[in-house]
Protein chains: 2
Amino acid sequence: MSSSAERDFVTAHLDDLHADLDAWLRIPSISADPAHAGDVAASADWLADALRRTGFPTVEIWPTEGAPAVFAEWPSADAGAPVALVYGHHDVQPVDPLELWDRPPFEPTRVEGPDGPELHARGAIDDKGNVAFHLLGMRAHLAATGRDTPAVTVKLLIEGEEESGSPYFADLLRAHADRLACDVVVVSDTGMAAPDVPSAVTAMRGLADAEITLRGPAVDLHSGSFGGAVPNPLHAMAELLASLHDESGRVTLPGFYDKVRPLTDRERELMGRVPFDEQAWLAGPAASRVATGEAGFSTLERVGARPTAEVNGMWGGYTGPGHKTIVPAEAHAKVTFRLVADQVPADLGEQVRAWVQANTPAGIEADVHVPPGGVAPCRSDIDHPAMDALLRSIAQAFDTDADQVLFTREGGSGPEADLAGILGAPLLFLGAGLPTDRIHSPNERVLLPMLYRGAEATAHLWRELATVPFPAR
Amino acid sequence: MSSSAERDFVTAHLDDLHADLDAWLRIPSISADPAHAGDVAASADWLADALRRTGFPTVEIWPTEGAPAVFAEWPSADAGAPVALVYGHHDVQPVDPLELWDRPPFEPTRVEGPDGPELHARGAIDDKGNVAFHLLGMRAHLAATGRDTPAVTVKLLIEGEEESGSPYFADLLRAHADRLACDVVVVSDTGMAAPDVPSAVTAMRGLADAEITLRGPAVDLHSGSFGGAVPNPLHAMAELLASLHDESGRVTLPGFYDKVRPLTDRERELMGRVPFDEQAWLAGPAASRVATGEAGFSTLERVGARPTAEVNGMWGGYTGPGHKTIVPAEAHAKVTFRLVADQVPADLGEQVRAWVQANTPAGIEADVHVPPGGVAPCRSDIDHPAMDALLRSIAQAFDTDADQVLFTREGGSGPEADLAGILGAPLLFLGAGLPTDRIHSPNERVLLPMLYRGAEATAHLWRELATVPFPAR
């Protein structure tokens, strides 16, 4: 096994990382619950103190209309050094159902697992673990290179509302665009394919949502007197939602695929190299005997690289015990769409309306609500020289070669497209999570050796990025 | 305008009918609400007293496992006189939403309407009005014919749980089959086509219900990680329910129509004579621009004479504010079927299961719950001589000829098939309701002249039925 000064420093200071995480994870910074607003603020304070301890000369808490973000900056003394901005978040998901946790979610507990030591707590990886490794990584970078300042100017923007949909994040970016100016964004809120599979995320999907109401009779009608002779909104909703996909599993919204950038043969080949045990994946929480979806694509492509439409909820009529013989007045459905580059969330309103209009029978009135905003999809340029720097950094932390680092795609959505769009900088993804970490679920955990590798990789990254010839800003 | 001794008596004693109804309607005998169990018992007591006042020599309150029924009998002194059993109910529907009532539902109020005086109260027609006219009708029969006992033996069975689905009614019939033995059942729980359209119901539809649960993932899944690659139970439910009807509006359950007795040309011709303003009907609570349903049938045929399938409720996934990006674990639907002769409710379990099985995709588990029982459809024999007696009675009350009395069909369902089946007697329907009476809805009312005609018709009926050559029992 090869070694490096960065790894040596990380290895010698693991207790610092453990102590930091232990303290931070005890703060229940649940942004979705107003009762925890004080904890979210305390979490920001804790992180600001930790960044000052680490040596960042500038550390500020930036209030928003919602929860506070933390900004820090450590300028490089080197003239013309590139500027990297780390993105992450310090808020966490709610913990219910609490009874499904094996241990209290805010009392971090170390557990010996099959792949090494794990730390169990809400936020252990999403996203406090991913942010915390930057503290140790920066110290390792400075110690290993013997520098007083980093080889690149490192800024951090750690928001407090990612788990609530980042409602004020774009405003924050626009308000502080000058302070946040950078050559590259390093997103630390994702993960890798497996403990032994060093990989880098290259894309995240966007998101748009729609709520559809179908109205028939003015009031719930007696099905004996009216049933079978007037339009039933539940029948209409069933037919509408059944029309959301065609027989090939493709979404039927007019124009939905027009802006989808097709997967290139090289991208498909790269995705095909990612080890994936479909049967094990199906046997997990999916509890499914079959994989399904858009014809002509693998499961990994379907969840990472293709747009989808998913009915998340539907309701209408009588839902209590027994039966009630009515033709109900209304039916409702909630649908979300995952988008890929270069789809535009703002296009969905018109597409959904056109689809609903084309599939609503006479006698049913449709009301379509598509909130403005949505989340844009984002992607990395895998041919950018900064990507090479990232791959080299990850490879060193995993004792392998850069061409052995695989590319994966994150099926979820976040505010990363705003970072790229508003700040005009390319995206890199460096995260230490695993698909088995149970984020957003009971018993969230982090595999500690993954965090150690994250810390080492970031230490390498600041050195490697200094060599990248970024264009002038 | 012609007259009769029966009408003279009824007209001279309208205040008795008004007083009876006013007292009875003040008792909120809501059988569905356990808090009103005492009121249902009080309603039975009131009716028993009223029957005794009328002169019935036998009046009994029959307890059930649920609410009490009232039984009365007035034997004819004539040897070999036929026996008629009147069916009705003394319980009423709940009154919510109370705020939609213009007047307190249990303070009967007289209102002058465009067709004559109306009485507004819960139960005004359904079914206290329809039962109350028998009190005056019996007195009119006796007075007009100068008899001490009726020309036919008249029994009444007025149950207390019709609005709760008559759960113990069949048991009650079986337990007292000897006391209830009769040549003909006179159902007084329906109505006529319009105030100036004397008519007789000839059929009621049956009812069966099913609840369907579709299960996909073991838990709600993150749609970013799993959406588009595993079966979504809401998608499966939409497709299943969309398959409930074919393009002709026919129900797709295998075998659903096998036992349906086709409408004869004569039946269709008779139904076609019933005046029906479809536009006015659609403009009512249906609030619909279009009539729809099974191809090849009129709206009156669809709601009265054809079987239907109606989704009454469906739900699954996230139904709160905003959106939640899940692939839900379960989807649910409630479906009821209206049945016509000679469909059998017990057949529906197998038919629903076969339909669900044929339309559930791989990876989705279906759970179908079809409760035993259901309600059988029922029909009158329009060629039975007792039907002629009914038509003559109605015609006299409306100053017309028997061949001007139209035949209608009731789309709703009740325990009438049990009466026919368990007691082995033909059904006649004599009710004074109107489609505009808002039964089961706020502001239920009765058009009082319809009740007067009901009282007169029943007075004629006991005389007319005495001439019918019923087969030996």
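Here the residue numbers are simple positions, counted from 1 along each chain's written sequence. Labels follow written order: the first chain is A, the first ligand is 1, and so on. Restriction of local features to residues with pLDDT of at least 70 applies here, the model being predicted, together with a cutoff of 80 or more for giving and counting side-chain atom pairs; totals for whole chains, interfaces and linings are based on all residues. With hydrogens and water excluded, all non-hydrogen atoms of the structure serve as input to the side-chain values.

Residues and elements named next belong to chain B. Axis lines are fitted to C-alpha atoms, over the contacting stretch for helices. Their N-to-C directions set the angle, which ranges from 0 to 180 degrees. Helix and strand assignments come from DSSP, with helices taken as H or I runs of at least 4 residues and strands as E runs of at least 2, each series counted from the N terminus. Contact geometry of helix α2 (residues 14-25) with helix α15 (residues 448-465) gives a least axis separation of 11 Å together with a crossing angle of 110°. Relative to α15, α2 is oriented roughly perpendicular. The interaxial crossing formed by α2 with α15 has right-handed handedness. Two secondary-structure elements touch here, α2 through Leu14, Leu17, His18 and Leu21 and α15 through Leu448, Leu451 and Tyr452. Classifying every residue of the contact of α2 with α15 by side-chain character gives six nonpolar, one polar and no charged. Should an angle fall under 35 degrees it is taken as roughly parallel, and over 145 as roughly antiparallel, whereas 65 to 115 is taken as roughly perpendicular and any remaining angle as oblique. By definition, turning the near helix anticlockwise from the far helix through less than a right angle yields a left-handed crossing, and turning it clockwise yields a right-handed one. When checking whether two residues touch, look at their non-hydrogen atoms; a contact exists if any pair is within 4.5 Å. Charged means Asp, Glu, Lys or Arg here, nonpolar means Ala, Val, Leu, Ile, Met, Phe, Trp, Tyr, Cys or Pro, and polar covers whatever is left, Gly included.

Attention shifts here to the relation of the copies chain A and chain B. The transform that puts chain A on chain B rotates by 180° and translates by 0.0 Å along the axis, for an RMSD of 0.1 Å. The two molecules are tied by a two-fold rotation axis, judged by turn and shift. Both copies contact each other with a shared surface, as 100% of the interface residues of chain A are interface residues in chain B too. To superpose the copies, least squares is applied to the C-alpha atoms of every residue with a pLDDT of at least 70 in both.

A separate point is the sheet that holds strand β6 (residues 153-159) of chain B. Residues and elements named next belong to chain B. Pairing between strands requires that DSSP locate at least two bridges from one strand to the other. Strand order in the open sheet formed by six strands is β1-β2-β6-β3-β7-β17, with mixed pairing between adjacent strands. Sheet topology places β1 (58-62) and β17 (427-429) at the edges, where each strand pairs with a single neighbour. Shown here is a sheet whose adjacent strand axes are inclined to one another by a mean of 20°, direction ignored. In terms of strand pairing, strand β3 (residues 83-89) meets strand β7 (residues 184-187) through four bridges, oriented parallel. Note on β7: the bridge partner recorded for Ala84 is Val184.

With that settled, consider the domain arrangement of chain A. Residue and element names in this part refer to chain A. The split of the chain into domains comes from an automatic or database domain assignment. Here the domain parsing of chain A yields domain 1 (5-204 + 377-465) and domain 2 (206-258 + 307-369). Just the C-alpha atoms count here: the centres of domain 1 and domain 2 sit 39 Å apart. Any Lys or Arg side-chain nitrogen located within 4 Å of an Asp or Glu carboxyl oxygen qualifies as a salt bridge. At the junction of domain 1 and domain 2, the tally comes to zero salt bridges.

Here we take up the side chain of Glu118 of chain B. Residues and elements named next belong to chain B. Note that Glu118 resides in strand β5 (residues 116-120). Within the local environment of Glu118, its side chain forms a polar contact with the side chain of Arg445, the two groups lying 2.8 Å apart. Once residues within four sequence positions are removed from consideration, Glu118 is found in contact with Thr109, Arg110, Val111, Gly113, Arg445, Val446, Leu447 and Leu448. Two N or O atoms count as a polar contact when they lie within 3.5 Å, although within protein this holds only if one can serve as hydrogen donor and the other as acceptor, and sequence-adjacent residues are included solely when both atoms are side-chain atoms.

What follows covers helix α9 (residues 265-272) of chain B. All names here are of chain B. Note on classification: 1.4 Å probe, protein chains only; a residue is buried when its accessible area is under 20% of the maximum for its type, exposed when over 50%, partly exposed between these limits. Of all the residues in α9, the buried ones are Glu267, Leu270 and Met271. Mapping the buried residues of α9 onto a view down its axis gives an arc of 100°, with all of them on the same face. Exposed residues lying more than 90 degrees from the buried face of α9 are Asp265 and Gly272. Looking at the buried side of α9, the elements it contacts are α11 (299-304), β15 (378-379) and β16 (406-410). What the arc describes is the spread of directions from the helix axis to the C-beta atoms.

What follows is about the pairing of β1 of chain B. Remember that side chains alternate between the two faces of the sheet whenever the strand is regular. All names here are of chain B. Bridging between β1 and strand β2 (residues 69-74) involves five bridges; their strand directions are antiparallel. Across the sheet, the residue bridging to Val59 is Ala72, located in β2. Connecting the antiparallel pair β1 and β2 is a turn made up of six residues.

Now for helix α1 (residues 5-12) of chain A. Residues and elements named next belong to chain A. By the burial criterion, the buried members of α1 are Glu6, Arg7, Phe9 and Val10. Down the axis of α1, the buried side of the element spans an arc of 160°, and every buried residue falls inside it. Contacts from the buried residues of α1 go to α2 (14-25), α4 (128-145), α13 (385-397) and α15 (448-465).

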